[in-house]
Structures are given as C-alpha cells and as structure tokens.
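Structural characterization, general
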Amino acid sequence: RPPRSTLFPYTTLFRSYSIPMVGGQHPEYIISALQAYKSKQRSHRTMQAQASNLSDQDMADIAAFFGDMAGNSRPSQVSAQAAARGQAKSAICASCHGATGDGNNVTFPKLAGQYESYLAQALKDYRSGDRQNGIMAGFAGTLKIDDIEDLAAWFASQQGGLSAPQSKIFKY
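Let me sum up the structure you'll find in this document. (Residues numbered from 1 in each chain as written. Predicted model: local features only at pLDDT ≥ 70, side-chain atom pairs only at ≥ 80, totals over all residues. Heavy atoms only, no water.)

1. Some words on the pattern of salt bridges
Going through the model one piece at a time under the given rule, you end up with three salt bridges. Across the pair R85 and D150 runs a salt bridge whose closest N-O atoms are separated by 3.1 Å. With R85 in helix α5 (residues 80-89) and D150 in helix α9 (residues 145-156), this residue pair connects regions lying 65 residues apart in the sequence. Take R85: its relative accessible area is 42%, and that puts it in the partly exposed class. The salt bridge partner of K89 is D150, with a shortest N-O separation of 2.6 Å. Of this pair, K89 sits in helix α5 while D150 sits in helix α9, and the two are 61 residues apart along the sequence. Residue K89 is classed as partly exposed on the basis of its relative accessible area, which comes to 31%. (Salt bridge = Lys/Arg side-chain N within 4 Å of Asp/Glu carboxyl O. Helix = DSSP H or I, 4+ residues; strand = E, 2+ residues; numbered from the N terminus. Buried < 20%, exposed > 50% of the residue type's maximum accessible area, 1.4 Å probe, protein only.)

2. So, the nonpolar core
Ranked by size, the top nonpolar core spans 15 residues in total, and within it L119, L123, A140, L143, I148, L151 and F155 carry the most contacts. Contributing elements (two or more residues each) for this core: α7 (116-128), α8 (134-140) and α9. Sort the elements by how many residues they give to this core and α9 lands first, with six residues. Excluding its chain neighbours within four sequence positions, the residues that come into contact with A140 are L123, Y126 and R127. (Core = buried A, V, L, I, M, F, W, Y, C linked by side-chain atoms within 4.5 Å. Contact = heavy atoms within 4.5 Å.)

3. Here we look at α7
Between its first and last C-alpha atoms α7 spans 18 Å; for 13 residues at 1.5 Å apiece the expected length is 18 Å, and the two agree. Listed as buried for α7 are Y118, L119, A120, Q121, A122, L123, D125 and Y126. Buried residues along α7 sit in contact with α8 and α9. The first or second residue beyond α7 is G129, which carries a positive phi of 95 degrees. (Expected span 1.5 Å × (residues − 1).)

So, to be careful, I would describe these as geometric facts and stop short of saying anything about function.
Written as structure tokens, this is what we have:
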C-alpha cells in the first residue's frame, strides 16, 4: 500500500492546498526559504514562527536532512489537457527550473512531482505579492488563473526528485 502522503497529501490547517514535499529538495533552496520565512519575506505565519528562532546552523542542518532524503515523487494524476497546455506555457520556467521542473540549479526549487495545489497556490501568492521574489513576481504577475492551473498541472504531472517525509505517528 502506498504511503498516505502519496494518496492523501496533508493540507495546512487553515488553507486549502497541500504542504509541499521537501524531501530531495536542493538544500541551498531550503536555506533560502527558511531565511525568507524568518525575515517575513514569505508570508506563512506557521513557517515564520518555526523559522524565527533558527540559527544559520539550524537551517543548514534542516536543509541537509531534507536534501539527503530519497526523493522519487510520482507524477500526480492531473488533467492531461491542462498538463499539455502547461507544457506549452512552461518554456520560460525551464531556464531556472529545468524543462520538467527537476532542474539542477540549486538556487531554484525542484517543481517536478510537487503537489498541484501547492504549485498553484505558490504562483497565486507570487502574483498577488503575498510571496516576494523579484523574478517570480515578474513572471507570475502576468499569469491568468488558467495559466497558473495549467502550469501547476504540468509540473505536478512530472516524475521528480521530491518526496514527503514518512511519519510513524500516523497509523493506516
């Protein structure tokens, strides 16, 4: 039986999108994300609270832990039509994230196999300014909701190097 996180991705308490898979993510990107939460450049109260007291060494240790995790996300079941439209719209994304979103540039996150709902929310947050990044704000600011949904479907449908940690806390 597949792990629960593969079948039923966990969602945040007050939001309707999945918590991102971070296992197998570039450690350098995890550190930059934690720094952005700590400085409140990324708006997520729970993550801001978690990062607020982390030292640089704590962030490096967390990033190493998740970065070393075996990542092998399975493509999500998404609309094939939306994924095809997303692929056609993804050329500009490839320069930073790779053609399928499983790029090797450690500055940018891996997207391949990430939860579709998380990817869509991240793009919406960049578009609205709730999530701040000069490069992404420029790209996402021009996207329509259909573009966001198509791009999220494309990257979610790809085989990738991400995984969700498996917990023994939950019984199936």
